[in-house]
Amino acid sequence: MERDTHFILGVYEDEDVLLHAVKEVRSTGVKIHEVYSPYPVHGLEHVLGYKRSRLPIAAFLFGMLGTSLALTMQFYMMKFDWPMIIGGKDFAAFPDFIPVSFEMTVLLAAFGMVGVFMVSSNLKPWAQPRIFDVRITDDKHVMAIDIANNSSMEVEKIKEILKSSGATEVNNKSFE
Amino acid sequence: MQVTSSVRQPLVTGGKTYHDVTHDVSRQVEGKPSLAWFLAFLTAAGVLALGSIALIATLWEGIGMWGLNKTIGWAWDITNFVWWVGIGHAGTLISAVLLLFRQKWRTSINRAAEAMTIFAVICAAMFPVIHMGRPWLGAYWALPLPNTFGSLWVNFNSPLLWDVFAISTYFSVSLVFWYIGLIPDFATIRDRATGLRKTIYGALSFGWDGAAKTWMRYESVSLILAGLATPLVLSVHTIVSFDFATSVIPGWHTTIFPPYFVAGAIFSGFAMVLTLMIITRKVFKLEDYITMGHIELMNIVIIITGSIVGIAYITEFFIAWYSGVEAEQYAFINRATGPYWWAYWSMMTCNVISPQLFWFKKIRTSIVATFLLSLVVNIGMWFERFVIIVTSLHRDYLPSSWAMFYPTWADVGVYLFTFGLFFTLFFLFAKFFPVINMAEVKSVLKSSSEKAAK
């Protein structure tokens, strides 16, 4: 990764203007680095061309792991390791094992998925995020364009494209 | 471009802009606490300190400090446990079930309701833990940990053990759900702050930057967590009701318990949400976010669940008679006309009759009436658990061992302790955390606020 990066930022006020702007900017061939918003904008991931998140698959797999662990644990403990007659029931009283299996499925699915989400989005207490504009978490949407990724195009030309797409401000931002 | 409906009430009133939302919610966190907050917090902390005397006495002397006897082995403690767990059902119901049903009005209330859920579950979990007598050994009795007895494992056939798994899962999943929602809002406060506050909220915000890709994953995670939490919230009170329903005690041994307990839990949970929200919106001046529309919708949920609970009470009675089992019939006649008749009729009045007042629009859109009725419902739901638990036990199989339950000062004190804990935590939350989910309110603002729609 480069240490020094320079960005052009288009600031948008309205989510619908933003959605059109993303389509427009992409159609001119400018590569968008990322769009930052104060709240989830529906349809933004589609116009940016992001693939569907695979987090549901992670949740399913972790859930399966939870079910298998819970059932293995209960059958092992109750049937094989220390069988006891409780209320005249079978040692392997499967219906009785359903509640704990369900709870452990939910527990592992939830924690597994959230863990994957944290790792994949680099969310951690000591993370130092690149804050393009402090108003992103307030009321502005910001489209960031990495100049190095768009070397075939003039900076001024990119700025013009952003302006004409409805950006209320066009700024420069550099990170060391 | 945006349609402002003339039929539907706006979700947020007062023509708020996105910045107004940020400002109105964040100023609570950033400003000096008000005198009202200080008084409320000190009262709660005082109750906590007072109650802790009873808690320490119980831990020191053992549960002989409580009013339990050989006939009534479960009374206030389990009543309080079920009551708090029930209250802890509204938060996840609001954030998960209403998310799946796409009820956008949930956005202004889900944060505080989830916080309430988490605190209520902490209070609930205290009772079974204390009732273990020696809670410092509790992990061996409650969890399948290898031990020096063999290993002699916990009993997976027992509903009490299912409860351990259900409640700890519910608590941890609710906590994660709540925290994921808090991350973007902590980032908002971080970006407005300087100095130490920026460092603290920066760490709490986990380096959130608002990228579209992160939001996409965030939405995906919220949806799946809602999908997981919905059966979870239903399973928790179902399993709590199994504590009773799988026994052979007349009055407990009924198949109606799971749906009846779940409805009762939602009923009492919404009542507690209303109690807290009516105070919060007033103290923090959030009337434009938690509107009369929200209060009315919650009151409608209360009518529905209250009616389900009412039907369950009557069904139980009918089935006891219809079963032809004398012990079962006696248990119910004794509930309504025995020495605990006053508890039974308090329950019937508070839970079945009084919520029906919400059929009148005047009453369900009145703040004062809603506040009073929410307290009545909470009292009624406490009596429901007391009636189910104590009246089913106090006249058991041998008339020579029939008994009454009298709470001691330690019973009352430990209950007070949980009240103190609940409100202390809630007031701390209300001061230091954003009480309204700013990001989610912003996402529904455009369709609901005239100024933002322009």
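Predicted model only: the values in this text are computed from it and were never measured.

**What to know about the overall build of chain A**
Right, so step 1: Along the backbone of chain A there are five helices and four strands.
Right, so step 2: Counting helices and strands in the order they occur from the N terminus, chain A gives β-α-β-α-α-α-β-α-β.
Right, so step 3: Taking 2.2 N^0.38 as the reference for a compact globule, 176 residues should give roughly 16 Å; the C-alpha atoms of chain A span a radius of gyration of 25 Å, well beyond that estimate.
Right, so step 4: Along the first, second and third principal axes, the C-alpha atoms of chain A reach 80 × 35 × 30 Å.
Right, so step 5: Buried positions account for 48% of the 176 residues belonging to chain A.

**What about the side chain of Arg281(B)?**
Right, so step 1: On the secondary structure map, Arg281(B) appears in helix H10 (residues 257-283).
Right, so step 2: Buried charge without a partner: Arg281(B) forms no salt bridge, and the closest opposite charge is Glu287(B), 5.0 Å away.

**Overview of the packing of aromatic side chains**
Right, so step 1: For the coordinates displayed, the defined rule picks out 55 aromatic pairs over all chains.
Right, so step 2: Ring centres of Phe75(A) and Phe97(A) lie 5.1 Å apart, and the angle between their planes is 85 degrees; this geometry places the pair in the edge-to-face category. With Phe75(A) in helix H3 (residues 55-81) and Phe97(A) in helix H4 (residues 94-120), the pair connects residues that are 22 residues apart, well separated along the chain.
Right, so step 3: Note on Phe97(A): relative accessible area 0%, which makes it buried.
Right, so step 4: Relative to Phe427(B), the ring of Phe423(B) has its centre 6.1 Å away and its plane inclined at 35 degrees; by these criteria the two rings are tilted.

**Some words on the pattern of salt bridges**
Pairing between side chains of opposite charge can happen when the charged atoms of each approach one another.
Right, so step 1: Within this structure, the stated rule accounts for 14 salt bridges over all chains.
Right, so step 2: Across the salt bridge formed by Glu316(B) and Arg335(B), the nearest N and O atoms sit 3.7 Å from each other. Pair noted here: Glu316(B) is in helix H11 (residues 292-323) and Arg335(B) is in helix H12 (residues 326-337), with a separation of 19 residues, a long-range link. Comparing Glu316(B) with Arg335(B) shows no difference in burial state: the two are buried.
Right, so step 3: Through salt bridges with shared partners, a single network forms among Glu13(A), Asp139(A) and Lys140(A).

**What about the nonpolar core?**
Right, so step 1: Grouped together as the largest cluster of nonpolar side chains are 193 residues, with contacts concentrated most on Leu44(A), Met143(A), Trp84(B), Phe156(B) and Phe429(B).
Right, so step 2: For this core, the leading source of residues is helix H7 (residues 159-192) of chain B, giving 17 residues.
Right, so step 3: Not counting the four nearest positions on each side in its chain, Met143(A) is found in contact with Ile8(A), Leu9(A), Gly10(A), Tyr12(A), Ala21(A), Val22(A), Val25(A), Ile32(A), Glu34(A), Val35(A) and Leu162(A).
Right, so step 4: Leu9(A), Val11(A), Tyr36(A) and Val142(A) belong to the second-largest nonpolar core, a separate cluster that totals ten residues.

**Quick look at the UniProt feature "transmembrane region" (unreviewed entry) in chain A**
Residue and element names in this part refer to chain A.
Right, so step 1: UniProt's entry tags residues 57-77 and 97-120 with the feature "transmembrane region" (unreviewed entry), counted in the numbering of this structure.
Right, so step 2: Strand forms 0% of residues 57-77 and helix 100%; the C-alpha atoms that close the span are 30 Å apart.
Right, so step 3: With 100% helix and 0% strand, the stretch residues 97-120 has end C-alpha atoms that lie 34 Å from each other.

**Points about the sheet that holds strand E2 (residues 34-36) of chain A**
All names here are of chain A.
Right, so step 1: Read across the open sheet, the four strands follow the order E2-E3-E1-E4; overall the sheet is antiparallel. Since the sheet does not close on itself, it has two edges, and those belong to E2 and strand E4 (169-175), each with one partner. Each strand axis lies, on average, 25 degrees off the axis of its neighbour in the sheet, ignoring direction.
Right, so step 2: In this sheet, strand E3 (residues 141-146) lies alongside strand E1 (residues 5-12) in antiparallel orientation, the contact comprising six bridges. The partner of Leu 9 across the bridge, within E3, is Ala 144.
Right, so step 3: Of the strands in this sheet, E1, E2 and E3 are in contact with helix H1 (residues 15-27), which crosses E3 at around 15 degrees.

**Observations concerning the packing of helix H4 (residues 90-100) of chain B against H10(B)**
All names here are of chain B.
Right, so step 1: In contact at an axis separation of 8 Å, H4 and H10 are set at 95 degrees when each is read in the N-to-C sense. If you check the angle between H4 and H10, you find them roughly perpendicular. Counted together, Ala 90, Leu 93 and Ile 94 of H4 and Ile 266, Gly 269, Phe 270 and Val 273 of H10 form the full contact between these two elements.

**Digging into the interface of chain A and chain B**
For interface size, the figure often reported is the accessible area lost on association.
Right, so step 1: The interface is formed by 63 residues belonging to chain A together with 57 residues belonging to chain B.
Right, so step 2: A buried area of about 5300 Å², summed over both sides, lies between chain A and chain B, and 71% of it is on carbon and sulfur atoms.
Right, so step 3: On the chain A side of the contact with chain B, Pro40(A), Glu103(A) and Thr137(A) bury the most area, a combined 12% of that side's loss.
Right, so step 4: At the junction of chain A with chain B, the criterion picks out zero salt bridges.
Right, so step 5: Of all the secondary-structure elements, those providing two or more residues to the side of chain A that touches chain B are H1, E2, helix H2 (44-47), H3 and H4 of chain A.
Right, so step 6: Among the elements that make up the side of chain A that touches chain B, the one with the highest residue count is H4(A) (17 residues).

**Brief notes about the confidence of the model for chain B**
Right, so step 1: Per-residue confidence for chain B gives a mean pLDDT of 88, with 96% of residues at or over 70.
Right, so step 2: No element of chain B has a lower mean pLDDT than helix H18 (residues 450-453) of chain B, which averages 48, and none a higher one than helix H16 (residues 409-432) of chain B, which averages 93.

**Observations regarding the packing of H10(B) against helix H15 (residues 367-394) of chain B**
Right, so step 1: One can describe the packing of H10(B) onto H15(B) by two numbers: an axis separation of 9 Å at closest approach and a directional angle of 145 degrees. For the pair H10(B) and H15(B), the sense of crossing is left-handed.

**Digging into unusual backbone geometry**
Apart from glycine, the bulk of residues carry a negative phi angle, and the bulk of peptide bonds sit in the trans form.
Right, so step 1: The phi dihedral of Asn122(A) is positive, around 55 degrees, even though this residue is not glycine.
Right, so step 2: Among the structural elements, Asn122(A) can be located in the loop between H4 and E3.
Right, so step 3: Residue Phe206(B) is not a glycine yet carries a positive backbone phi of 55 degrees.
Right, so step 4: Mapped onto the elements, Phe206(B) comes out in the loop between helix H8 (195-204) and helix H9 (212-245).
Right, so step 5: Given a relative accessible area of 16%, Phe206(B) falls into the buried group.

**Side note on the pairing of E3(A)**
Right, so step 1: The buried fraction of E3(A) amounts to six of the six residues, a majority that puts the element mostly inside the structure.
Right, so step 2: Burial along E3(A) is two-sided: the residues His141(A), Met143(A) and Ile145(A) and Val142(A), Ala144(A) and Asp146(A) are all buried.

About the thresholds
Residues numbered from 1 in each chain as written. Chains lettered and ligands numbered in written order. Predicted model: local features only at pLDDT ≥ 70, side-chain atom pairs only at ≥ 80, totals over all residues. Heavy atoms only, no water. Helix = DSSP H or I, 4+ residues; strand = E, 2+ residues; numbered from the N terminus. Rg over C-alpha atoms; globule rule 2.2 N^0.38 Å. Buried < 20%, exposed > 50% of the residue type's maximum accessible area, 1.4 Å probe, protein only. Lys, Arg positive; Asp, Glu negative; His and termini not counted. Salt bridge = Lys/Arg side-chain N within 4 Å of Asp/Glu carboxyl O. Phe/Tyr/Trp six-rings, centres within 6.5 Å; stacked < 30°, edge-to-face > 60°. Core = buried A, V, L, I, M, F, W, Y, C linked by side-chain atoms within 4.5 Å. Contact = heavy atoms within 4.5 Å. UniProt positions renumbered as here; feature names shortened; annotations may be inferred. Pairing = 2+ DSSP bridges. Axes fitted to C-alpha atoms, helices over the stretch in contact; angles between N-to-C directions. Parallel < 35°, antiparallel > 145°, perpendicular 65-115°, else oblique. Buried area = accessible area lost by both parts, 1.4 Å probe. pLDDT = per-residue confidence, 0-100. Left-handed = near helix turned anticlockwise from the far one by under 90°.

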